[in-house]
Amino acid sequence: MHPENMHLFHGNILYARSRHELAVYENSYIAVEDGVVEGIYETLPEPMLSLPVRDFGEGVIIPAFSDLHVHAPQYPQRGLAMDCLLYDWLNDYTFPLEAKYKDPEFARAVYDAFTNDLVANGTFHACIFGTIHPEATGYLLETLEKKGLSAYVGKVNMDKASPAYLCEKTADSLQETEAFLEKYAGNKTARPLLTPRFAPTCSKELLAGLGRLAAKYEVGVQTHIVESKWEASQALLDFPDASSDMGIYEKAGLLEHGPVVAAHFIFPTEEDIRLLKKYNGYAVQCPDATVNVIAGIMRNSFLATQGVRLALGSDIAGGHSIGIYTQAARAIQLSKLKWFYEPEGNNPIGFPEAFHMATRQGGELFGRVGAFEKGYRFDALVIDGVEDSFLTLTPEQKIERFFYAGTKDNIVAGYLGGEPVSLQ
Ligand SMILES: [Zn+2]
């Protein structure tokens, strides 16, 4: 312990110890040394007594959020065309918007606004889709790196079944992706990830080429897996040799060289589940998107009992809210609906499980973030102003209320690696 390098924060401290258990320390201190959690104390030990304390009073200090599925270029479209289903929503609204990112100036303006809103809503770790455009996507990645945010960012690949203005030539797509991987290979916090949009818009040659890049650059993959019945069946029509949607990516060699992030995972077969577990991948639930443009509810408690790692995604702009706290509340709501209509194996989840997905489990993708055990990076939020004069709330209840009824204004401070973050 080196008290001279230490910062102390006081308040109510809360994090997920496991999927079902929250660690709660009321009126306590968290000691942070060189940006990393040293310990939590109800009473300060003697050597720390003289250190200055940042006091948050009745506020609750929680780990910052992780969003494992979000489309930065769709930010201008949030809350629009929500009465469509996926196919029409993509073709009539999303693809025309994504085409605008060939204009770097448009891209810079949106990506600045997107990144600021992400941070203001307490998401300091994210797994993000760009577009097919390397320059625009590079700007997004550089912006996140400059802010020190933990991120994986992908230049999207799509070389078929897409509108002509957004459809790449296979060779160009591979060449530009390789240049993107090379350019950002040395990044510290925001790194590239392969991002084939989904199987129906990728040729066999494209996926095989991406598989070779995965091996050469030791990089993982993010994509949409069994997100709708249409996508799940179209993928297997396009790749008749594959055992399942996940099997398409295994066959291409895309699952064994880095993180595997499977967005939605609503209609998995046993083979999809087996493969996701085999490669230690994440199933990312995007609750708002599920009820906006995709009709289906992830079986999150069933998947958890199968040993699948679960995280949350805002899925801007299939989802309309960028705050992962709103998605955590929605995940609880949807698990109840799932259980009501299909009780078999679909127990509703509780607040601890939703909090675990939003912080600790999602955070695992980025290293030791998302909890406050010794050695975890102090990426933290302070939540306050959710209480009224009618009831006294416990720290857990304050966060529960924040998830359901809070706004970004309730995030009164943020820390990234122990340093204060501007939430404006
Ligand atoms: Zn998506």
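Since we're looking at a predicted model, the values are computed, not measured.

Draft legend 1. Geometry of the sheet that holds strand S5 (residues 65-71). Here we have four strands laid out as an open sheet, ordered S5-S6-S7-S9, and parallel in their pairing. The outermost strands of the open sheet, each flanked by one partner alone, are S5 and strand S9 (190-192). Sheet twist, expressed as the mean angle between neighbouring strand axes with direction ignored, is 20°.

Draft legend 2. Main features of unusual backbone geometry. With an omega of 5°, the peptide bond between isoleucine 316 and alanine 317 qualifies as cis. The topology assignment puts alanine 317 in the loop between strand S14 (309-312) and helix H11 (324-341). Backbone geometry at alanine 81 places phi at a positive 55°, although glycine is not the residue there. Take alanine 81: it is sitting in the loop between S5 and helix H1 (86-99). Although it is not a glycine, glutamate 218 adopts a positive phi angle of roughly 50°. Relative to the helices and strands, glutamate 218 resides in the loop between helix H5 (204-217) and strand S11 (221-225).

Draft legend 3. Representation of the nonpolar core. Ranked by size, the top nonpolar core spans 123 residues in total, and within it Phe265 and Phe403 carry the most contacts. When residues of this core are assigned to domains, at least three fall in each of domain 1 (3-64 + 370-420) and domain 2 (66-366). Once residues lying within four places of it in the same chain are set aside, the contact partners of phenylalanine 403 are Phe65, Tyr325, Thr326, Ala328, Ala329, Phe351 and Phe355. Listed in part, the 17 residues of the second largest apolar core include Ala23, Ile30, Phe56 and Ile61.

Draft legend 4. Representation of the packing of aromatic side chains within the structure. For the structure on display, the rule yields 21 aromatic pairs. With a centroid separation of 6.0 Å and an interplanar angle of 75°, the aromatic rings of tyrosine 75 and phenylalanine 114 are classed as edge-to-face. Residue tyrosine 75 is located in the loop between S5 and H1, and its partner phenylalanine 114 is located in helix H2 (residues 104-120); the two are separated by 39 residues in the primary sequence. The same class applies to tyrosine 75 and to phenylalanine 114, which are both buried. Both rings, one in tyrosine 325 and one in phenylalanine 402, keep their centres 4.4 Å apart while their planes meet at 25°; by these two values the pair is stacked. Here tyrosine 325, found in helix H11, pairs with phenylalanine 402, found in helix H13 (residues 395-405); they are 77 residues apart in sequence, far enough to count as distant. Residues tyrosine 325 and phenylalanine 402 agree in their burial class; the two are buried. Each member of the aromatic cluster is reached from another via a ring pair, and the members are Phe9, Tyr15, Phe56, Phe372, Phe378 and Tyr415. When the ring centre of phenylalanine 106 is taken as reference, the NZ or CZ atom of lysine 100 above it lies at 5.5 Å.

Draft legend 5. Geometry of the domain arrangement of the protein chain. Domain assignment breaks the protein chain into domain 1 (3-64 + 370-420) and domain 2 (66-366). Centre-to-centre separation of domain 1 and domain 2, based on C-alpha positions: 30 Å. Taken together, the contacts link 32 residues of domain 1 with 28 residues of domain 2. On the domain 1 side of the interface with domain 2, the three residues burying the most area are Arg19, Phe403 and Tyr404, jointly 33% of the side's total. For lysine 408, the salt bridge identified is with aspartate 117, shortest N-O distance 3.6 Å. At the boundary of domain 1 and domain 2, one finds nine residue pairs in polar contact (both at pLDDT 80 or more). When residues of the side of domain 1 that touches domain 2 are traced back to their parent elements, those giving at least two are strand S1 (6-16), strand S4 (53-63), strand S15 (380-383), H13 and strand S16 (411-416). Counting residues per element, the side of domain 1 that touches domain 2 draws most heavily on H13, which supplies six residues. Counted by class, the side of domain 1 that touches domain 2 contains 18 nonpolar, six polar and eight charged residues.

Draft legend 6. Representation of the side chain of asparagine 346 in the model. Along the polypeptide, asparagine 346 turns up in the loop between H11 and helix H12 (351-363). Among the polar contacts listed, one links the side chain of asparagine 346 to the side chain of arginine 299, at a separation of 2.8 Å. For asparagine 346, the side chain forms a polar contact with the main-chain oxygen of glutamate 342, separated by 2.8 Å. With near-sequence residues (within four places) excluded, asparagine 346 lies in contact with Arg299, Ser301, Phe302, Ser335, Lys338 and Trp339.

Draft legend 7. The coordination of the zinc ion, seen in detail. With distances of 2.0 to 2.2 Å, the protein atoms coordinating the zinc ion are His69 (NE2), His71 (NE2) and His224 (NE2). When the donors of the zinc ion are listed by position in the chain, the intervening gaps give H-x1-H-x152-H. Here histidine 224 lies in strand S11 and histidine 71 lies in strand S5, a separation of 153 residues in the sequence. Per residue, the accessibility class of histidine 71 equals that of histidine 224, and both read buried.

Draft legend 8. Structural context of the packing of helix H3 (residues 134-146) against helix H4 (residues 170-183). Orientation of H3 relative to H4, taken along the N-to-C sense of each, is 25°, at an axis distance of 11 Å. By the angle between their directions, the pair H3 and H4 is classed as roughly parallel. Here H3 runs over H4; the crossing is right-handed. Contacts between H3 and H4 involve Pro134, Thr137, Gly138, Leu141 and Glu142 from the first element and Glu176, Phe180 and Lys183 from the second. Of the residues that constitute the contact of H3 with H4, the class distribution is three nonpolar, two polar and three charged.

Draft legend 9. The arrangement of the environment of glycine 154 in detail. Along the chain, glycine 154 falls in strand S7 (residues 150-154). Look at glycine 154 and you get buried, because its relative accessible area is 0%. Linking glycine 154 and leucine 193, residues 39 residues apart in sequence, is a C-alpha distance of 5.0 Å. Setting aside anything within four residues of it in sequence, one finds glycine 154 in contact with Ile128, Phe129, Gly130, Thr137, Leu193, Thr195 and Gln222.

Calculation rules
- Residues numbered from 1 in each chain as written.
- Predicted model: local features only at pLDDT ≥ 70, side-chain atom pairs only at ≥ 80, totals over all residues.
- Heavy atoms only, no water.
- Pairing = 2+ DSSP bridges.
- Helix = DSSP H or I, 4+ residues; strand = E, 2+ residues; numbered from the N terminus.
- Axes fitted to C-alpha atoms, helices over the stretch in contact; angles between N-to-C directions.
- Core = buried A, V, L, I, M, F, W, Y, C linked by side-chain atoms within 4.5 Å.
- Buried < 20%, exposed > 50% of the residue type's maximum accessible area, 1.4 Å probe, protein only.
- Domains from an automatic or database assignment.
- Contact = heavy atoms within 4.5 Å.
- Phe/Tyr/Trp six-rings, centres within 6.5 Å; stacked < 30°, edge-to-face > 60°.
- Lys NZ or Arg CZ within 6 Å of the ring centre and 35° of its normal.
- Buried area = accessible area lost by both parts, 1.4 Å probe.
- Salt bridge = Lys/Arg side-chain N within 4 Å of Asp/Glu carboxyl O.
- Polar contact = N/O pair within 3.5 Å; in protein donor to acceptor, adjacent residues only side chain to side chain.
- Nonpolar A, V, L, I, M, F, W, Y, C, P; charged D, E, K, R; others polar.
- Donors = N, O, S within 2.8 Å, 3.2 Å for Na, K, Ca; no water.
- Parallel < 35°, antiparallel > 145°, perpendicular 65-115°, else oblique.
- Left-handed = near helix turned anticlockwise from the far one by under 90°.

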